[in-house]
Amino acid sequence: MEFVKSDTTYNAYCPMLTVMLGTGARCGELVGLTWDDVDMEKKEIHIRRTLVYKDYGDGLKLHVSTPKTKSGIRTIPMSDGVYNAFAQQKELNSLLGKDKNRFEVEGLQDFVFITRNGRPLLMCSVNKILSNIAKAVNAQGQEETFPDISAHTMRHTFCTRMAENGMDIKVLQYLMGHANINITMQVYNHIADSSRIEKELARINALAVDF
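I will try to describe carefully the structure that is included in this document. (Residues numbered from 1 in each chain as written. Predicted model: local features only at pLDDT ≥ 70, side-chain atom pairs only at ≥ 80, totals over all residues. Heavy atoms only, no water.)

1. With respect to the overall build of the protein chain
Next, step 1: Across its full length, the protein chain carries eight helices and five strands.
Next, step 2: Starting at the N terminus, the α and β elements of the protein chain follow one another as α-α-α-β-β-β-β-β-α-α-α-α-α.
Next, step 3: The principal-axis extents of the C-alpha atoms in the protein chain amount to approximately 70 × 45 × 40 Å.
Next, step 4: Split into buried and exposed, the 211 residues of the protein chain put 38% on the buried side.
Next, step 5: Sequence-distant contacts, at least 24 apart, represent 54% of the contacts inside the protein chain between residues at least 6 apart.
Next, step 6: About 12,400 Å² of surface is accessible on the protein chain, with carbon and sulfur atoms providing 52% of the total.
Next, step 7: Where the 25 positive side-chain charges of the protein chain centre and where its 25 negative ones centre are 5 Å apart. (Helix = DSSP H or I, 4+ residues; strand = E, 2+ residues; numbered from the N terminus. Buried < 20%, exposed > 50% of the residue type's maximum accessible area, 1.4 Å probe, protein only. Contact = heavy atoms within 4.5 Å. Areas by Shrake-Rupley, 256 points an atom, 1.4 Å probe, with all protein chains shown as cover. Lys, Arg positive; Asp, Glu negative; His and termini not counted. Charge placed at Lys NZ, Arg CZ, Asp CG, Glu CD.)

2. Looking at the nonpolar core
Next, step 1: M16, M20, F86, F113 and V126 are the most contacted members of the largest nonpolar core, which has 48 residues in total.
Next, step 2: Broken down by element, this core gets its largest block of residues, seven residues, from helix α5 (residues 123-138).
Next, step 3: With near-sequence residues (within four places) excluded, M16 lies in contact with L30, Q89, F113, L121, V126 and I129. (Core = buried A, V, L, I, M, F, W, Y, C linked by side-chain atoms within 4.5 Å.)

3. A look at the packing of aromatic side chains
Next, step 1: Tallied over the full model, the rule gives three aromatic pairs.
Next, step 2: A ring pair is formed by F3 and Y10, whose centres lie 6.3 Å apart and whose planes are at 40°; its orientation type is tilted.
Next, step 3: According to the relative accessible area criterion, Y10 is buried, its value standing at 16%.
Next, step 4: Each ring, one from F86 and one from F113, has its centre 6.3 Å from the other, and the planes form 35°; the classification is tilted. With F86 in helix α4 (residues 80-95) and F113 in the loop between α4 and α5, this pair connects stretches of sequence that are 27 residues apart.
Next, step 5: The exposure class of F113 is buried, given its relative accessible area of 1%.
Next, step 6: In this structure an aromatic cluster arises from ring pairing among W35, F86 and F113.
Next, step 7: Positioned above the aromatic ring of Y83, the side-chain terminus of K43 is 4.9 Å from the ring centre. (Phe/Tyr/Trp six-rings, centres within 6.5 Å; stacked < 30°, edge-to-face > 60°. Lys NZ or Arg CZ within 6 Å of the ring centre and 35° of its normal.)

4. Things to note about the packing of helix α6 (residues 151-164) against helix α7 (residues 169-176)
Next, step 1: Close contact between α6 and α7 brings their axes to 10 Å; oriented N to C, the two are set at 165°. Taken together, the axis directions place α6 and α7 in an arrangement best described as roughly antiparallel. As for how α6 packs across α7, the hand of that crossing is right-handed. Across the interface between the two elements, R155, F158, C159, M162 and A163 from α6 touch L172, L175 and M176 from α7.
Next, step 2: Its residues assigned to classes, the contact of α6 with α7 shows seven nonpolar, no polar and one charged. (Axes fitted to C-alpha atoms, helices over the stretch in contact; angles between N-to-C directions. Parallel < 35°, antiparallel > 145°, perpendicular 65-115°, else oblique. Left-handed = near helix turned anticlockwise from the far one by under 90°. Nonpolar A, V, L, I, M, F, W, Y, C, P; charged D, E, K, R; others polar.)

5. Focus on α7
Next, step 1: Restricting attention to buried positions, one finds in α7 the residues I169, L172, Q173, L175 and M176. An end-on view of α7 places all buried positions within 165° of arc, on one side of the element.
Next, step 2: The N-cap of α7, judged by a side-chain oxygen 2.8 Å from the amide nitrogen of K170 a few residues on, is D168.
Next, step 3: Phi for G177, located one or two positions after α7, is positive at around 75°. (Arc of directions from axis to C-beta. Polar contact = N/O pair within 3.5 Å; in protein donor to acceptor, adjacent residues only side chain to side chain.)

6. A closer look at the layout of surface pockets
Next, step 1: Quantified by volume, the largest pocket comes out at close to 450 Å³.
Next, step 2: At the level of elements, α3 (27-31), β3 (50-55) and α6 are the ones that each hand at least two residues to the lining of the largest pocket.
Next, step 3: Here the lining of the largest pocket is composed, by residue class, of eight nonpolar, 10 polar and five charged.
Next, step 4: Its boundaries defined by the atoms lining it, the second largest pocket holds a volume of some 340 Å³.
Next, step 5: Along its surface, the second largest pocket is lined by 15 residues, and M1, L21, F146, I149 and M154 are the ones closest to its centre.
Next, step 6: It is α6 that provides the largest number of residues to the lining of the second largest pocket, a total of four residues. (1 Å grid on protein atoms, 1.4 Å probe; cavity = no way out; pocket = protein on both sides within 12 Å on 5 of 7 lines; lining within 4 Å. Points joined across faces, edges and corners; volume = space filled by probe spheres on them.)

Take a look at the structure:
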């Protein structure tokens with residue numbers, strides 16, 4: 001994120017990446033957001049759909065899809081950072097004239113994250129952007145290689161950070177849109193186990209036990 005903020009090529013994606021890291025939304029949910037789903041007054045994001053690029057017998061094109069389960073339909077509160085990111089994105093769309101071309105997908109228009117011609121970003125495009133950012137970071141010649149990342153990496157990072165900070169697991173399950181709490185528990189237990197190990201080692205060290 002520090003690289004993205006300072007880079008003239010990729011800084012336009014800073015608001016989108018901030019929303020990804022601050023909500024844990026699936027990539028299809030992210031690109032399917034319209035401004036009607038973003039309530040700036042109440043600071044809420046309404047996840048209602050997924051946008052997919054598939055051929056359902058009518059040619060390869062964008063389609064609106066409903067979440068697979070009821071838990072996928074949810075309202076995510078905005079943090080201050082996410083709120084500011086949406087405000088920046090709206091200003092950016094207007095500044096570049098992106099919002100003048102109202103591209104429509106099955107009756108929906110006014111998408112939040114769009115290309116220069118006003119079309120909503122594709123999921124593959126988001127992943128390509130993230131991959132290119134990782135390559136650009138590595139091109140700086142730093143000692144440690146930055147791993148390739150995807151939209152799922154961003155979603156998993158959100159889940160991990162919330163678990164690390166002790167968020168109620170049921171709340172985390174809701175925010176992630178997981179139908180089965182076992183999926184949330186896989187991340188939660190991993191963090192909890194790591195924490196327990198560290199605490200036990202610290203306790204043993206405090207006792208000055210000689211192995």
